Amino acid sequence: MRRNPSPRELVASLIAYAESEDGDDQGLRQLLVVFLPVLAEALKTTPDGLQAICSLPGELRRRELELLVRSAKEHDQAVHARAMEGLAIAAASQLAGLARWHDDRIDLDSKIVLGKGLHADRSRKYIRFEAEGAEPVAIRRVKLQEAAKALRFPDIACFLDLRGLCFSWREGRGGLILSPQSVERKDRDAVLSVVIARPLEQALARSGPLKSGWLNDAFAHLSPF
């Protein structure tokens, strides 16, 4: 069964017809008759607009098609970048929500830390783990990608402690520590933050018993009747 050509293949054929030295207008017209709506959608224009461009004289047609292709490519790249940004932010939020606090460390989901979602946004040079009450741990995104390629063990544990971002496997017989890295001033806007809040019960325990003050005085004067 013969498959239909992809939009990319159709655009390539369109450009080839438009740039052909012998001016194969018949092939171009046939292509437009069959695939005009698909080509227009791929090039982010209307069928009428694309038809008008293809009706221009040779050199002007080539120039207008080149601009159209470039604009469509930039649009697709922007859409892809926004999608990857959203994917990375969603992964960071999920990772923070699944964090488990202990006295000396914070356990993280290794599959998310090493997963493609957290690393998806190429505009982010660093991923910074910001656990409440602890120094932030910033790791280069490419370092995490390298770790993801190397750590193929089935029982990987991941956690934050005073040393940085740590991995262990085979019941602790294997380990890797990614030390915190300094974020350069020029890259401060290229950071994906994983903000990990302390559980409410631990936050209350750290704050100690409620001290007397305006809040206690207010409750003291309350009456059910």
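Residues numbered from 1 in each chain as written. Predicted model: local features only at pLDDT ≥ 70, side-chain atom pairs only at ≥ 80, totals over all residues. Heavy atoms only, no water.

## A closer look at the sheet that holds strand β8 (residues 191-196)
Sheets are built from strands that pair by backbone hydrogen bonding, the pairs being arranged parallel or antiparallel.
Logical step 1: Ordered in space as β4-β3-β8, the three strands form an open sheet in which the pairing is mixed. In this open sheet, the two edge strands, each paired with only one partner strand, are β4 (137-140) and β8. Within the sheet, the average angular offset between the axes of one strand and its neighbour, ignoring direction, is 20°.
Logical step 2: The pairing of strand β3 (residues 126-131) with β8 spans six bridges and is parallel. Across the sheet, the residue bridging to arginine 128 is serine 193, located in β8.
Logical step 3: Against the sheet, helix α4 (residues 58-98) makes contact with β3 and β8, and its axis sits at roughly 25° relative to β8, the strand it touches most. (Pairing = 2+ DSSP bridges. Helix = DSSP H or I, 4+ residues; strand = E, 2+ residues; numbered from the N terminus. Axes fitted to C-alpha atoms, helices over the stretch in contact; angles between N-to-C directions. Contact = heavy atoms within 4.5 Å.)

## A look at the packing of helix α2 (residues 25-42) against helix α3 (residues 47-54)
Logical step 1: Two numbers describe how α2 lies on α3: the axes approach to 9 Å, and their chain directions differ by 145°. In this structure, α2 meets α3 at a crossing whose hand is right-handed. Residue-level inspection shows Leu28, Leu32, Leu36, Leu39 and Ala40 of α2 in contact with α3, the latter providing Pro47, Leu50, Gln51 and Cys54.
Logical step 2: Residues that form the contact of α2 with α3 fall into these classes: eight nonpolar, one polar and no charged. (Left-handed = near helix turned anticlockwise from the far one by under 90°. Nonpolar A, V, L, I, M, F, W, Y, C, P; charged D, E, K, R; others polar.)

## Overview of helix α6 (residues 141-150)
Logical step 1: Of all the residues in α6, the buried ones are Arg141, Leu144, Ala147 and Ala148. Axial view of α6: buried residues confined to an arc of 120°, hence all on one face. Exposed residues on α6 whose side chains face more than 90 degrees from its buried face are Lys149 and Ala150.
Logical step 2: The elements touched by buried residues of α6 are α5 (110-113), β3, β4, β6 (164-169) and β7 (174-178). (Buried < 20%, exposed > 50% of the residue type's maximum accessible area, 1.4 Å probe, protein only. Arc of directions from axis to C-beta.)

## Topic: the packing of aromatic side chains
Logical step 1: Taken as a whole and assessed by the stated rule, the structure comprises one aromatic pair.
Logical step 2: For the ring pair phenylalanine 153 and tryptophan 169, a centre distance of 4.7 Å and an interplane angle of 10° mean the geometry is stacked. Taken as a pair, phenylalanine 153 in the loop between α6 and β5 (157-161) and tryptophan 169 in strand β6 lie far apart in primary sequence, 16 residues in all.
Logical step 3: For phenylalanine 153, a relative accessible area of 26% gives the class partly exposed.
Logical step 4: Residue placement shows arginine 105 over the ring face of phenylalanine 159; its charged tip is 4.3 Å from the ring centre. (Phe/Tyr/Trp six-rings, centres within 6.5 Å; stacked < 30°, edge-to-face > 60°. Lys NZ or Arg CZ within 6 Å of the ring centre and 35° of its normal.)

## Examining the nonpolar core
Logical step 1: The biggest cluster of nonpolar side chains holds 32 residues, and the ones touching the most others in it are Leu108, Phe129, Leu144, Leu165, Phe167, Val194 and Ile196.
Logical step 2: It is α4 that contributes the most residues to this core, five residues altogether.
Logical step 3: One finds Leu28, Leu36, Leu50 and Cys54 within the second-largest nonpolar core, a separate group that totals 19 residues. (Core = buried A, V, L, I, M, F, W, Y, C linked by side-chain atoms within 4.5 Å.)

## Section: the environment of alanine 157
Logical step 1: When you line up the elements, alanine 157 lands in strand β5.
Logical step 2: Distance in space between the C-alpha atoms of alanine 157 and glycine 175 is 9.2 Å, their sequence separation being 18 residues.
Logical step 3: Those residues in contact with alanine 157 that sit more than four places away from it in its chain are Cys166, Phe167 and Ser168.

## Thoughts on the pattern of salt bridges
It is possible for side chains bearing opposite charge to pair when their charged atoms get close.
Logical step 1: Under the definition given, this model contains 13 salt bridges.
Logical step 2: Residues aspartate 107 and arginine 105 are paired through a salt bridge, measuring 2.8 Å at the closest nitrogen-oxygen approach.
Logical step 3: Residue class for arginine 105 comes out partly exposed when judged on its relative accessible area of 31%.
Logical step 4: With a shortest N-O distance of 3.9 Å, glutamate 184 and arginine 140 are connected by a salt bridge. Residue glutamate 184 is located in the loop between β7 and β8, and its partner arginine 140 is located in strand β4; the two are separated by 44 residues in the primary sequence.
Logical step 5: Given a relative accessible area of 38%, glutamate 184 falls into the partly exposed group.
Logical step 6: Taken together, the shared-partner salt bridges connect Lys125, Arg140, Glu184, Lys186 and Asp187 into one network. (Salt bridge = Lys/Arg side-chain N within 4 Å of Asp/Glu carboxyl O.)

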